[in-house]
Amino acid sequence: FNIIGGWRLRPYLSYFRRFPSEQSLSAFVQTSYGFQRGDVLASGNLRYRYDPKRLADVSLAGGRDYEPIFPGDGIRNQLSRSNYILTDRLAGSHRFEVRNGLYLYTWAEYADRRAAPLDNSETFLSELLEDDLPVQFDPYQAFVTLAEIEFTPYQRYLSEPKRKVVLGSKWPTFSLLHRRGWDGPLSSDIRFDYLEAAIEQRLELGAIGNTLYRAQAGRFVNTDDLRFVDIKRIRRSDPLLFFEPLIGFQSLDTSLATTRPFLEFHAVHHFNGALVNNIPLVRLLRIEAAAGGGVLWLTEGAGYRHEEAFMGLERIFKLGARRRLRLGVYAVVSNARDRDVNWEPKISIDVIDTWKRSWSF
C-alpha cells in the first residue's frame, strides 16, 4: 500500500554476501505497478564494504518513487499525501576511518523533484485526514552534497587479521556536518548551506545503570534559494506511542520547521533494576525503571521552547536464543511556550538489534 495512489504490486530482490576477506556486498532492487494510476516505479541500492580494517563503505542508490519530504516525521504526517513528492534520484556515499576514532562521511545526490499527482491519488486514508493534498510546485532539479566528520577520542577496538571491531570509548562522540545545495552543477536550481554540530555519549555507571545523551545545534548560513523540501524539521510526537528519545520528543504536538539557529538536547537513563530491586516482591517481576527528558529551543520568530521529562517501567521478554523484546510504559510531563504544563501516558515496543546486541535507546 502506498500513500499516493493506494495499492501497488511490488516485487523485490535482495542479496547479501560476506567474503572470506571480511569484505561484504549487499544489494536491493524493487519495482512496483500502481493499480489505481497504472504507473511503474523502480528503485535500488548497492553497498560494498571494501576495507574491513578501515570500516570503509561505498554505496550507490537511485530510482523513481514517491518519497517523503520528512521521512522521520510522526505517524500522522507519514500517512498524509502532503508529505510526499515524486522524485527521480541518483545518490552515492562513502565512509571510512581516517585514523582511529576519526571518520569521514561524504554523500551526494542529484534529484529531479516534482509534485505528486492530484488525480486518482486519493485513498481511504486521505478521506480521514483534513487538508490532505499533495503540495503543488513547479518541477526543479536539486544537487545536494553532505560532508560529516565524526570523532570519538580514545576509541577502543580489537584488531583481527581481516577486520577491525570497535568496542566503544569512555569519551563522547563529536560530529560536525555541512550540507550544501548547489546552484549550477547539473542544472541544479537551489542554493543553501546548513551546518550542524552534535555530541553524544553512553555512560556506564555501574550498579546504578547507564545514561545516554545527545545534544545538537544547527543553523542555515545561506538561504539564497532554499526550497521547502530542504528546510530543517523537528519531528511531531505520536499519540500514545513512545519514540526513540535520543532523536525525538514524546509530547511535541506539531511538526516544526526552521531556517534559523536551533538547539536540541535529549537524555535517557536506564536504572537496570537499581530502583525496583529494593522493593520486596517487585524484584521477582524483573521490571526495570527508566527516566529522561529533552529540551528544544528555536530562534524562529519570537523564539520557541519545549521541555519535557518522562519516567517509566520496562520489562524484557525472551523471544529466542538471541531475540529480545522490551516493553515499556511511561508518564511524560511537558511544558512549552504556547501551552500549559501537560502530561500523557506512553508505551514503547523495542526489539534488540541481534547484530549489535543493543537496543535503539
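It should be noted that the structure appears before, not after, this text.
Criteria and cut-off values
- Residues numbered from 1 in each chain as written.
- Predicted model: local features only at pLDDT ≥ 70, side-chain atom pairs only at ≥ 80, totals over all residues.
- Heavy atoms only, no water.
- Helix = DSSP H or I, 4+ residues; strand = E, 2+ residues; numbered from the N terminus.
- Rg over C-alpha atoms; globule rule 2.2 N^0.38 Å.
- Buried < 20%, exposed > 50% of the residue type's maximum accessible area, 1.4 Å probe, protein only.
- Contact = heavy atoms within 4.5 Å.
- Areas by Shrake-Rupley, 256 points an atom, 1.4 Å probe, with all protein chains shown as cover.
- Lys, Arg positive; Asp, Glu negative; His and termini not counted.
- Charge placed at Lys NZ, Arg CZ, Asp CG, Glu CD.
- Core = buried A, V, L, I, M, F, W, Y, C linked by side-chain atoms within 4.5 Å.
- Pairing = 2+ DSSP bridges.
- Salt bridge = Lys/Arg side-chain N within 4 Å of Asp/Glu carboxyl O.
- Polar contact = N/O pair within 3.5 Å; in protein donor to acceptor, adjacent residues only side chain to side chain.
- Patch = residues over 30% accessible without salt bridge, like charges linked within 9 Å, V, L, I, M, F, W, Y side chains within 5 Å.

## Comments concerning the overall build of the protein
Moving on, step 1. Across its full length, the protein carries two helices and 20 strands.
Moving on, step 2. Here the protein has a C-alpha radius of gyration of 22 Å; the compact-globule value for 361 residues is 21 Å, and the two agree.
Moving on, step 3. In terms of principal-axis extent, the alpha carbons of the protein reach across some 65 × 60 × 45 Å.
Moving on, step 4. Buried positions account for 41% of the 361 residues belonging to the protein.
Moving on, step 5. Nonlocal contacts in the protein, meaning residues at least 24 apart in sequence, comprise 57% of its contacts between residues at least 6 apart.
Moving on, step 6. A total of about 19600 Å² of accessible surface is found on the protein, and carbon and sulfur atoms cover 59% of it.
Moving on, step 7. Of the side chains in the protein, 48 bear a positive and 44 a negative charge, and the two mean positions are spaced by 9 Å.

## Brief notes about the nonpolar core
Moving on, step 1. If you look at the biggest cluster of nonpolar residues, it comprises 24 residues, and the most contacted ones within it are Leu252, Leu256, Leu296 and Tyr304.
Moving on, step 2. Every element with two or more residues in this core is listed here: strand E8 (140-151), strand E12 (189-204) and strand E17 (287-298).
Moving on, step 3. Ranked by residues supplied to this core, first place goes to E8 with four residues.
Moving on, step 4. When neighbours within four sequence positions are excluded, Tyr304 is seen to be in contact with Leu252, Leu256, Leu296, Trp297, Leu298, Ala336, Arg337 and Asp338.
Moving on, step 5. Of all hydrophobic cores here, the second largest spans nine residues; its members include Leu212, Phe310, Tyr330 and Val332.

## Re unusual backbone geometry
Moving on, step 1. Backbone geometry places Ser187, a non-glycine residue, at a positive phi of 65°.
Moving on, step 2. At Leu240, a position not held by glycine, the phi torsion is positive, near 75°.
Moving on, step 3. As for its position among the elements, Leu240 is in the loop between strand E14 (232-234) and strand E15 (256-258).

## Side note on the pairing of strand E4 (residues 40-51)
Moving on, step 1. Bridge analysis of strand E3 (residues 24-34) against E4 gives 10 bridges, and the strand direction is antiparallel. Paired with Ser32 across the two strands is Leu41, which belongs to E4.
Moving on, step 2. Between the antiparallel neighbours E3 and E4 lie five residues, among them Gly38 with a positive phi of about 70°.
Moving on, step 3. Here nine bridges tie E4 to strand E5 (residues 56-68), and the two strands are oriented antiparallel to one another.

## Looking at the pattern of salt bridges
Moving on, step 1. Summed over the entire model, instances satisfying the criterion amount to 24 salt bridges.
Moving on, step 2. We note a salt bridge from Glu150 to Arg95, for which the minimum N-O separation is 3.5 Å. Taken together, the positions of Glu150 in strand E8 and Arg95 in strand E6 (residues 84-99) put the pair 55 residues apart, joining distant regions of the chain.
Moving on, step 3. Between Glu97 and Lys164 there is a salt bridge whose closest N-O contact spans 2.7 Å. Of the two residues, Glu97 is situated in strand E6 and Lys164 in strand E10 (residues 164-168); the sequence distance between them amounts to 67 residues.
Moving on, step 4. Through salt bridges with shared partners, one network takes in Arg64, Asp88, Asp112 and Arg114.

## Considerations on the side chain of Ser32
Moving on, step 1. Looking at the secondary structure, you find Ser32 in strand E3.
Moving on, step 2. One polar contact links Ser32 to Arg8, side chain to side chain, over a distance of 3.0 Å.
Moving on, step 3. Not counting residues within four places of it along the chain, the set of residues in contact with Ser32 comprises Arg8, Leu9, Arg10, Asp39, Val40 and Leu41.

## Some points on a nonpolar patch on the surface
Moving on, step 1. Together, Phe1, Trp7, Leu9, Tyr33, Phe35, Val40, Phe124 and Leu128 make up an exposed nonpolar region whose accessible area comes to about 940 Å².
Moving on, step 2. Tracing the chain through its elements places Phe1 in the segment before strand E1 (8-9).
Moving on, step 3. Taking relative accessible area as the criterion, Phe1 reaches 39% and is therefore assigned partly exposed.

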